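Breakdown of the fold
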Amino acid sequence: MSLHRHHSNRDATIQDAAFDGGLGSIPRHKLPQRTSDAHAALEFVRDELMLDGNARQNLATFVTTWMEPQAVELIQESLEKNIIDKDEYPQSAEIERRCVNILANLWHAPEPTGGADAVGCSTTGSSEAAMLAGMALKWRWRARRAAAGLDATKPNLVMGANVQVCWEKFARYWDVEARLIPLDGATHLTPAQAAAACDENTIGVVAVLGSTFDGSYEPVAQIAAALDALAASTGLDVPLHVDAASGGFIAPFLDQDLLWDFRLDRVKSINSSGHKYGLVYPGVGWVLWRSAEDLPEDLIFSVDYLGGSMPTFALNFSRPAAQVIAQYYTLVRYGFEGYRSIQQRSRDIAGAIAKGVADLGLFTLLSRGEELPVLAFSVSAPNGWSVYDLSHELRSFGWIVPAYPMPEGMAEIDVLRVVVRNGFTFDLAGMFLADLGKSVERLNGKVPDKVAFHH
Ligand SMILES: *Cc1c(COP(=O)(O)O)cnc(C)c1O
């Protein structure tokens, strides 16, 4: 029996499907010829998705896995809105503008003259934001070179080997040399390394707040100071971009005295992921520039807006407005105090997990959740199993904890990383630690010398 005949009775449809294979016979990689019943199609796709991991036990991702029902309601009500249709959805455009201004204020951008808006926009995430910020750096560098009558064909971007892959992508897609500095004595870029790697073809330096590898903050103020000193001694005036994908929504609330943002003159642009510690479901990101001067005008296009035109800078044309609206909701809903307490709790939970891990006496902690609410740890001494085995073992309890080698310069060290996000609780942390202990016991029960004993 074919499914498309059963439009009215959901149960009959599903039963028929069970009998004759119905949806089971739907081709997976070709458009089915026939229409399916909506309920049956829903169940079919939903069942497939059951195989995905449980988001609450996913300690791998930085991306938001829980939002309040009110936010979900707002997202559902906004699903049809396209952020590029400024004419049709002027209030969504206004909301995006407000978010940019709120972030500019949070990141201490200088007030634009004449009460104008801060310079920035929403993106799909930090990756798109990195493309836009990187292009602005490249365009500015090229203009400087052209004005001086110098060659502008060999641009490079200086960054630590620990940068997120989006920066390697930027370099490859926009034909810029990725000058990746191997780690040397720290888990991230050091000020001396950053300055030493710059030359006349350097379009900028990227500092990360904080690193995806271990959650540590790069010393942005010290990197800025090293670049200031470089400018003073050589005349090389290299702009600094801060990739605050995660830290942009942590440091303003938990580390107010830390200088990492537009308070440093050398910082010309900052990106952050609204869908990480900005507490919004994927995908929304933000990129802001210090001033209009730092965003070359020929990168900006205009779209129609209520009979006038509005400047836009984006890779995509159409994109959902819902995530931007959800970002505005979280900013209004939580306010400074709400963000502060949510991020502090994540940091406290990460600290408690770090302590539990340290207490097992088997691991070396590279970070303890004191910067991003993230901890990374390696096995202290050879014991017959690796972090990869442990990651696999934890998976059998439902926990998703990635294991990977550190970047060049520390590549001999393999780590496990735990990311704590809003929605994770002390109770879940306790269960995780118990399962970590059991996983270690299981692995110790499997060490090769015991296996060898039976031969
Ligand atoms: C996650 C992350 C990115 C990429 O951000 P998306 O929002 O996933 O595109 C870039 N840089 C850092 C430091 C990150 O943590």
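Residues numbered from 1 in each chain as written. Predicted model: local features only at pLDDT ≥ 70, side-chain atom pairs only at ≥ 80, totals over all residues. Heavy atoms only, no water.

Some points on the overall build of the chain
Each helix and strand counted, the chain has 13 helices and 13 strands in total. Once the C-alpha set of the chain is aligned to its principal axes, its extents read approximately 75 × 70 × 45 Å. Looking at the chain residue by residue over its 455 residues, the buried ones come to 51%. In the chain, the proportion of contacts linking residues at least 24 apart, taken out of those at least 6 apart, comes to 70%. Of the roughly 21,300 Å² of accessible surface on the chain, a fraction of 54% belongs to carbon and sulfur atoms. Of the charged side chains in the chain, 39 are positive and 55 negative, and the gap between their average positions amounts to 2 Å. (Helix = DSSP H or I, 4+ residues; strand = E, 2+ residues; numbered from the N terminus. Buried < 20%, exposed > 50% of the residue type's maximum accessible area, 1.4 Å probe, protein only. Contact = heavy atoms within 4.5 Å. Areas by Shrake-Rupley, 256 points an atom, 1.4 Å probe, with all protein chains shown as cover. Lys, Arg positive; Asp, Glu negative; His and termini not counted. Charge placed at Lys NZ, Arg CZ, Asp CG, Glu CD.)

Observations concerning the UniProt feature "modified residue: N6-(pyridoxal phosphate)lysine" (unreviewed entry) in the chain
In the numbering adopted here, UniProt assigns the feature "modified residue: N6-(pyridoxal phosphate)lysine" (unreviewed entry) to Lys276. Structurally, the position occupied by lysine 276 is in the loop between strand E6 (267-273) and strand E7 (285-289). The buried category is assigned to lysine 276, whose relative accessible area is 14%. Those residues in contact with lysine 276, other than ones at most four positions away along the chain, are Phe62, Val63, Thr64, Ala245 and Ser246. (UniProt positions renumbered as here; feature names shortened; annotations may be inferred.)

Some details on the sheet that holds strand E11 (residues 374-379)
Pairing in this open sheet of four strands is antiparallel, and the strands run E10-E11-E13-E12 from one edge to the other. Because the sheet does not close on itself, it has two edges, and the strands there are strand E10 (363-368) and strand E12 (403-405). Put simply, the sheet's adjacent strands are angled 30° from each other on average, direction ignored. Where E11 meets strand E13 (residues 414-419), four bridges bridge the pair, whose relative direction is antiparallel. Note on E13: the bridge partner recorded for phenylalanine 377 is leucine 416. Here helix H11 (residues 387-395) sits on the sheet and contacts E10, E11, E12 and E13; the angle it forms with E13, its principal contact strand, is near 35°. (Pairing = 2+ DSSP bridges. Axes fitted to C-alpha atoms, helices over the stretch in contact; angles between N-to-C directions.)

So, the nonpolar core
Counting residues in hydrophobic clusters, the biggest one holds 63 residues, and the most contacted among them are Val205, Val220, Leu240, Trp260 and Trp286. At ten residues, the largest contribution of residues to this core is made by helix H10 (residues 322-359). Residue-level mapping places this core at the junction of two domains, with at least three residues from each of domain 2 (72-330) and domain 3 (346-443). Of all hydrophobic cores here, the second largest spans 28 residues; its members include Ala129, Leu137, Val208 and Leu295. (Core = buried A, V, L, I, M, F, W, Y, C linked by side-chain atoms within 4.5 Å. Domains from an automatic or database assignment.)

Some remarks on the packing of helix H4 (residues 90-106) against H10
Between H4 and H10, the least distance of the axes is 9 Å, while the angle of their chain directions is 45°. One finds that H4 runs oblique with respect to H10. Here H4 runs over H10; the crossing is left-handed. Contact with H4, carried on its side by Ser92, Ile95, Glu96, Arg98, Cys99, Ile102 and Leu106, involves Val324, Ile325, Gln327, Tyr328, Leu331 and Phe336 of H10 and no other residues of that element. Across the contact of H4 with H10, the residue classes break down as nine nonpolar, two polar and two charged. (Parallel < 35°, antiparallel > 145°, perpendicular 65-115°, else oblique. Left-handed = near helix turned anticlockwise from the far one by under 90°. Nonpolar A, V, L, I, M, F, W, Y, C, P; charged D, E, K, R; others polar.)

Remarks on the sheet that holds E6
Strand order in the open sheet formed by seven strands is E1-E7-E6-E5-E4-E2-E3, and the pairing between neighbours is mixed. A single partner strand is all that each edge strand has here, and the edge strands are strand E1 (119-123) and strand E3 (177-181). With strand direction ignored, the average angle separating the axes of adjacent strands in the sheet is 20°. Two strands pair when backbone bridges link them, and strand E2 (residues 156-160) and strand E4 (residues 202-208) are joined in this way by three bridges, in the parallel orientation. Pairing of asparagine 156 across the sheet is with threonine 202, part of E4.

A look at the site of the ligand
Close to the ligand lie 13 residues, the nearest being Ser126, Ser127, Asp243, His275 and Lys276. Within the side chain of serine 273, a nitrogen or oxygen atom sits 2.8 Å from an oxygen atom of the ligand. At 2.7 Å from an oxygen atom of the ligand is found a side-chain nitrogen or oxygen belonging to lysine 276. Out of a free accessible area of 390 Å², the ligand has 89% covered by protein chains. (Near = heavy atom within 4 Å. Polar contact = N/O pair within 3.5 Å; in protein donor to acceptor, adjacent residues only side chain to side chain.)

Description of the domain arrangement of the chain
Here the chain is described as being made up of domain 1 (3-52), domain 2 (72-330) and domain 3 (346-443). For domain 1 versus domain 2, the distance between C-alpha centres works out to 45 Å.

A few points about the packing of aromatic side chains
Here the structure, examined in full by the defined rule, presents 14 aromatic pairs. Aromatic pair phenylalanine 253 and tyrosine 339: ring centres 5.0 Å apart, planes at 10°, arrangement stacked. With phenylalanine 253 in helix H9 (residues 251-254) and tyrosine 339 in helix H10, the pair connects residues that are 86 residues apart, well separated along the chain. Across the pair, exposure class does not vary: phenylalanine 253 and tyrosine 339 are buried alike. Ring plane angle 75° and centroid distance 6.3 Å describe the contact between tryptophan 399 and phenylalanine 424, whose orientation is recorded as edge-to-face. (Phe/Tyr/Trp six-rings, centres within 6.5 Å; stacked < 30°, edge-to-face > 60°.)

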